[in-house]
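One-letter residues, chain by chain:
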Amino acid sequence: MTRPCNDSFLRALLKEPCPHTPIWLMRQAGRYLPEYCETRRRAGSFLNLCKNPALACEVTLQPLARYPLDAAILFSDILTIPDAMGLGLYFTDGEGPRFERPLREEWAIRDLSAPDPWDHLRYVTDAVTEIRRALNGSVPLIGFAGSPYTLACYMVEGGASNDYRRIKRMLYERPDLLHRILTVTAQAVTAYLNAQIEAGAQAVMIFDSWGGSLSAAAYQEFSLAYMERIVAGLTKEKAGERIPSIVFTKGGGLWLEQIARIGSDAIGLDWTIDIGEARRRVGDRVALQGNLDPGVLFAPPETIAAEARGVLTSYGAGGTGHVFNLGHGISQFTPPESVAALVDAVHMMSRVKAGNDA
């Protein structure tokens, strides 16, 4: 494995000097792009798109054909693991993901086992290999998975939830059952991410979308502790190159110091915390990724540029260790030209800033 021609994303995660602040966007291959919508129409469904390596490769590359982004991210879904566990994932228009067989019975939880990623999730590793080949050393490829707690939310609730009533009842009434789910899921996520690395991913990210819904104590016990297990079990190097890891807890700004101690190379930030304050709190222990409010992309180009400048300025002098991103996934209603304005602004302003710092 050799570093790509544009390795600024990897350099930033490892806190190495960069010629500019690298930028990629969570959900950068998505419904805001008309070409994505056309490919999804040809696939017939979102799940078919995820499970077809050639089409997953096609949509992964679509945003890079439009914008000079500094990284590609595998096109997939965080719920591939519970689907491979036999829970029966399906998608309903207007309702999002659902499971035919959510975890409600103790026997089902006791029987839960981690799938072999090279067997039950081979379509993902095949997609990673195909994407790496198509990128041809241009930019790094990011692999990803959901956090055990976030996956457990879907697995127990049966889909998205507004109040997390079922999983929180389990958490407080039968924590042993929830720990069983989280233990098996952590094993599955570790194996899955390592399979992605073996297939060609050059960095990996853990999405803890629902960890921020927990109390402080519950977050430490039921979310962070399991992400720490995963990070400890990740492949850290391949063919002489470091494989950095990023942990992102939406709503996790209260716990940055604790997150910084679990061993990941970077913390993803949502838009509710000032990135300069986050940098002061974690020091040089980790790189930071983020954290523009996705709603800014509905504003005019000059406002987008001003808000991007605000994030860069807040991060501060000596921009090493910063990956620019949104504080959450890009909205499907985002004008594509707004993304172009953001990417150009970040590159231009951070190059000037790097020159001034030098």
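First things first, this report covers the structure right here in the doc. (Residues numbered from 1 in each chain as written. Predicted model: local features only at pLDDT ≥ 70, side-chain atom pairs only at ≥ 80, totals over all residues. Heavy atoms only, no water.)

### Quick word on the overall build of the protein chain
- Broken down by element type, the protein chain carries 15 helices and eleven strands.
- Taken over the C-alpha trace, the protein chain has a radius of gyration of 19 Å; the compact-globule value for 358 residues is 21 Å, and the two agree within 12%.
- The buried share among the 358 residues of the protein chain stands at 56%.
- A fraction of 72% describes how many contacts in the protein chain between residues 6 or more apart in sequence connect residues 24 or more apart.
- For the protein chain, the accessible area works out to roughly 14,100 Å², and carbon and sulfur atoms hold 50% of it. (Helix = DSSP H or I, 4+ residues; strand = E, 2+ residues; numbered from the N terminus. Rg over C-alpha atoms; globule rule 2.2 N^0.38 Å. Buried < 20%, exposed > 50% of the residue type's maximum accessible area, 1.4 Å probe, protein only. Contact = heavy atoms within 4.5 Å. Areas by Shrake-Rupley, 256 points an atom, 1.4 Å probe, with all protein chains shown as cover.)

### Some details on the packing of aromatic side chains
- Inspection of every chain in the model, using the stated rule, returns eight aromatic pairs.
- Judged by centre distance (5.7 Å) and plane angle (55°), the rings of Tyr-36 and Phe-75 are tilted. Here Phe-75 lies in the loop between strand E1 (72-73) and helix H5 (80-87) and Tyr-36 lies in helix H2 (residues 34-43), a separation of 39 residues in the sequence.
- Taken together, a centroid distance of 5.8 Å and an interplanar angle of 50° make the contact between Tyr-164 and Trp-210 tilted. Of this pair, Tyr-164 sits in the loop between helix H8 (148-157) and helix H9 (165-173) while Trp-210 sits in the loop between strand E5 (203-208) and helix H11 (216-233), and the two are 46 residues apart along the sequence.
- For Tyr-164, a relative accessible area of 11% puts it in the buried group. (Phe/Tyr/Trp six-rings, centres within 6.5 Å; stacked < 30°, edge-to-face > 60°.)

### So, the nonpolar core
- Formed by 128 residues in total, the largest nonpolar core has its most connected members in Phe-9 and Leu-342.
- Apart from the residues lying within four places of it in its own chain, the contact partners of Leu-342 are Ile-23, Leu-25, Leu-292, Leu-297, Ile-304, Ala-308, Phe-324 and Leu-326. (Core = buried A, V, L, I, M, F, W, Y, C linked by side-chain atoms within 4.5 Å.)

### Some thoughts on the sheet that holds strand E10 (residues 287-289)
- With respect to topology, seven strands assemble into an open sheet ordered E1-E4-E5-E8-E9-E10-E11, the strand pairing being parallel. In this open sheet, the two strands that pair with only one neighbour each are E1 and strand E11 (322-323).
- In this structure, E5 lies alongside strand E8 (residues 245-249), joined through five bridges in parallel fashion. Looking at the pairing, Val-204 lines up with Ser-245 of E8.
- Against the sheet, helix H10 (residues 175-199) contacts strand E4 (141-146) and E5, and its axis sits at roughly 170° relative to E4. (Pairing = 2+ DSSP bridges. Axes fitted to C-alpha atoms, helices over the stretch in contact; angles between N-to-C directions.)

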